[in-house]
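# Survey of secondary and tertiary structure
Listed here are the chains, written in short residue letters.
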Amino acid sequence: MLIPFRALLSELSRPHHTLLRTQILHAFIIKTHLSRDPFYATRLVRLYAINNDLSSAHQLFDETPQRSIFLWNSIIRAYAKTHLFSDAFALFKRMLSLETSPDNFTFACILRACSEKADINGLEIVHGLGVVLGFGLDSVCCSALVSAYSKLGHLDKASRVFYGILEPDLVLWNSMISGYGCCGNWEKGMELFRKMRELGKCPDSYTVVGLSIGLTDPTLLRIGESVHGFCVKCNFGWIGHVNSVLVNMYSRLKCMDSAYKLFNSLLQPDLVTWSALITGFSQAEQHNLALDFFRKMNLEGRKPDHVLISSALAAAAQTAIVRPGCELHGYAIRHGCHSEVTVSSALIDMYAKCGYLGLGMKLFKSMPKKNIVSYNSIIACLGLYGFAAEAFKTFEEVLSEGIRPDESTFAALLGACCHSGLVDTGREYFRRMRDEFGILPKNEHYVHMVKLIGMAGELTEAFELVQSLQQPADSSIWGALLSCCNVHENYELAEVVAENLFKSKQTKNSYKVMLSNIYASDGRWDDVQKLRFDAEDLKGKIPGIAGLIV
DNA sequence: ATAGGGTTAG
């Protein structure tokens, strides 16, 4: 039987098909002998990849005699997307030895794979190869390079690529802006944003997403609001991910009022937006509200996925009461996602934070497949309980399993050192993180290091560490240093720290809160008065402020 | 004639 040619073509161009439909289409194509045509093979490879049937995709690839560059790229992308990096790289190498040479899109796929497996060496090698093959100034290749370098924290290399391009296209601008964003350098991102508009480039929704991810500090609320305003002005509200990104931004900026207001204005918030709101409430210490919203979502008939269940579990963990978490555990089992790695890791974390480290350990041991996320949660929990030695042992296990530790692993290890006051061990892990594993320290790591060094009484050293940062330190780092000054009653340094902060152009309300805490504990009420921040204005934006107003 | 793909969120 032959189905009409046009019908087949239109079926193939539909973006989604179930696996069964894909197989039926495949069968038809074999019958019509069209499967030897790389065009049809490419379509099918894509459909198989969407349905996670990579072996069928690969088989089809092998059986296609004439492989176009499209076909090569599709199969490489399919492997990279599923994080089967070694297969993707093997194909790339095979390609280099054959007559079909890679194009800019091939490079984009491979570069992204390098950044996702946190392989800076591989990234540099592929970069070099790309330049040799003539893609050094290609915008597709360069935007992939810019994002890959910035995701691994190498802003210098990313910007070198970016500024080497005379007339960047929109995607390239966006890549650099979000690159600055994900490295926490929001000021540079804003500067670029202004420059791009001066040049008459019209920003799109990716641009504002890139801008907003850099806003992580509550002192930057005003800037966040202006980003939101820009979205409204440009009418980006109908673009799905923009709303979830903004809810997430307000949550990070500790302004749950605005997050909720925005959420509430949406007709049909998607799962990501629900989860951004729930996580936001939980991180703003409103754990019960977070759990209420999880229930509300269920009542509205929305079906939470495993990420959402994990967010709810994180909220349950914060309550430090085991019952809600237990209920969620049952819920996860009923919905068949308790063995999802994100869920089991969240469960481990929840049980441990609610006082049942044993239960968490048991769960961990029973996990059939452990990945770095599950290891990270168990290491963090051991550290939290003061079992530093066990945390370190688990880290050795990670290494012997051949799993690559990530930045959270080291944050957990440094946290373990903090809890047990192991200054030298902490320094050693900090060093190994960079030298051995090529992971550049982020805010979180500096917070731990500052705490570790500062709490040991080495206030000057901690101060020097903060000053030596390439990026402007955010308030969590300064906060850590201020609390160390507080503990060691070094009010002189506390004021120097504060002064340094006030020199920066940002609004500094949260810094004032910290400083006034210190003044207050010293009984210097006049100085508290002198700070003269508008307490009412801060209500609900900075946790802990309510206590200070009273 | 058609086709792949670079920047984004929980």
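Notes on the structure in this doc start here. Only a predicted model underlies this, so the values are computations on that prediction, with no experimental measurement involved.

### Some remarks on helix α7 (residues 104–116)
For α7, built from 13 residues, the straight-helix expectation of 18 Å at 1.5 Å per residue is met to within 8% by its first-to-last C-alpha distance of 18 Å. Buried within α7 we find Asn104, Thr106, Phe107, Ala108, Cys109, Ile110, Leu111, Ala113, Cys114 and Ser115. The inward-facing, buried residues of α7 abut α5 (69–81), α6 (85–96), α8 (120–132) and α9 (139–151). Two to three positions downstream of the cap, the backbone nitrogen of Phe105 sits 3.1 Å from a side-chain oxygen, assigning the N-cap of α7 to Asp103. Remark: Ala118 follows α7 within two positions and exhibits a positive phi of approximately 50 degrees.

### A look at the protein's contact with DNA strand B
What surrounds DNA strand B is a group of 36 residues, the closest being Arg46, Asn73, Asp103, Phe105 and His241. The sugar-phosphate backbone supplies 42% of the atoms of DNA strand B found within 4 Å of the protein. Here a base nitrogen of DNA strand B sits 2.2 Å away from a polar atom, N or O, in the side chain of Asp103. Here Lys151 contributes a side-chain N or O atom positioned 3.0 Å from a phosphate oxygen of DNA strand B. In the surface near DNA strand B, the residues fall into 14 nonpolar, 14 polar and eight charged.

### Concerning the packing of α9 against helix α11 (residues 170–182)
Remark: α9 packs on α11, axes separated minimally by 9 Å, with the N-to-C direction vectors making an angle of 5 degrees. As the angle between them shows, α9 and α11 are arranged roughly parallel. Contacts between α9 and α11 pair Ser139, Cys142, Ser143, Val146, Ser147, Ser150 and Lys151 from the former with Val171, Leu172, Ser175, Met176, Gly179 and Cys182 from the latter. Taken together, the residues of the contact of α9 with α11 break down into six nonpolar, six polar and one charged.

### Quick notes on a nonpolar patch on the surface
The grouping of Leu96, Val132 and Leu133 at the surface amounts to a nonpolar patch, some 270 Å² of accessible area in total. Mapped onto the fold, Leu133 is located in the loop between α8 and α9.

### Examining the packing of α11 against helix α13 (residues 205–213)
Contact geometry for α11 and α13: axes closest at 7 Å, N-to-C directions at 15 degrees. Taken as axis vectors, α11 and α13 run roughly parallel relative to one another. Helix-helix and strand crossings are classified by hand; for α11 and α13 the assignment is left-handed. When α11 is examined against α13, the residues Leu170, Asn174, Ile177, Ser178, Gly181 and Cys182 are found in contact with a partner set consisting of Tyr206, Thr207, Gly210, Leu211 and Ile213.

### Section: the pattern of salt bridges
Scanning the model with the defined rule gives 13 salt bridges in all. Here Lys353 makes a salt bridge to Asp349, at a shortest N to O gap of 3.0 Å. Within this pair, Lys353 and its partner Asp349 are both found in helix α21 (residues 341–353), separated by four residues, close to a single helical turn. Lys353 sits in the partly exposed class, given a relative accessible area of 33%. A salt bridge links Arg427 to Asp424, with the shortest nitrogen-to-oxygen separation between them at 3.7 Å.

### Regarding the packing of aromatic side chains
Evaluation of the coordinates by the stated rule reveals 21 aromatic pairs. Judged by centre distance (5.7 Å) and plane angle (80 degrees), the ring pair of Phe92 and Phe107 falls under edge-to-face. Taken together, the residues span a long stretch of sequence, with Phe92 in helix α6 and Phe107 in helix α7 at a distance of 15 residues. In this structure Phe92 comes out as buried when scored by relative accessible area, which is 4%. Looking at Phe107, the relative accessible area reads 0%, which means it is buried. By way of ring pairs, the aromatic residues Tyr260, Phe263, Trp274, Phe281 and Phe293 are connected into one cluster. Between Lys117 and the ring centre of Phe89, over which it is positioned, the NZ or CZ distance is 4.9 Å.

### A few points about the state of the cysteines
Tallied over the entire structure, the rule returns zero disulfides. We note that Cys183 lacks a disulfide partner, and the nearest cysteine sulfur, in Cys182, lies 4.4 Å from it. With no disulfide partner, Cys354 has as its closest neighbouring cysteine sulfur the one in Cys326, 8.5 Å distant. Using a relative accessible area of 10% as the deciding quantity, one classes Cys354 as buried.

Conventions we followed
- Residues numbered from 1 in each chain as written.
- Chains lettered and ligands numbered in written order.
- Predicted model: local features only at pLDDT ≥ 70, side-chain atom pairs only at ≥ 80, totals over all residues.
- Heavy atoms only, no water.
- Helix = DSSP H or I, 4+ residues; strand = E, 2+ residues; numbered from the N terminus.
- Expected span 1.5 Å × (residues − 1).
- Buried < 20%, exposed > 50% of the residue type's maximum accessible area, 1.4 Å probe, protein only.
- Contact = heavy atoms within 4.5 Å.
- Polar contact = N/O pair within 3.5 Å; in protein donor to acceptor, adjacent residues only side chain to side chain.
- Near = heavy atom within 4 Å.
- Nonpolar A, V, L, I, M, F, W, Y, C, P; charged D, E, K, R; others polar.
- Axes fitted to C-alpha atoms, helices over the stretch in contact; angles between N-to-C directions.
- Parallel < 35°, antiparallel > 145°, perpendicular 65-115°, else oblique.
- Patch = residues over 30% accessible without salt bridge, like charges linked within 9 Å, V, L, I, M, F, W, Y side chains within 5 Å.
- Areas by Shrake-Rupley, 256 points an atom, 1.4 Å probe, with all protein chains shown as cover.
- Salt bridge = Lys/Arg side-chain N within 4 Å of Asp/Glu carboxyl O.
- Left-handed = near helix turned anticlockwise from the far one by under 90°.
- Phe/Tyr/Trp six-rings, centres within 6.5 Å; stacked < 30°, edge-to-face > 60°.
- Lys NZ or Arg CZ within 6 Å of the ring centre and 35° of its normal.
- Disulfide = S-S within 2.5 Å.

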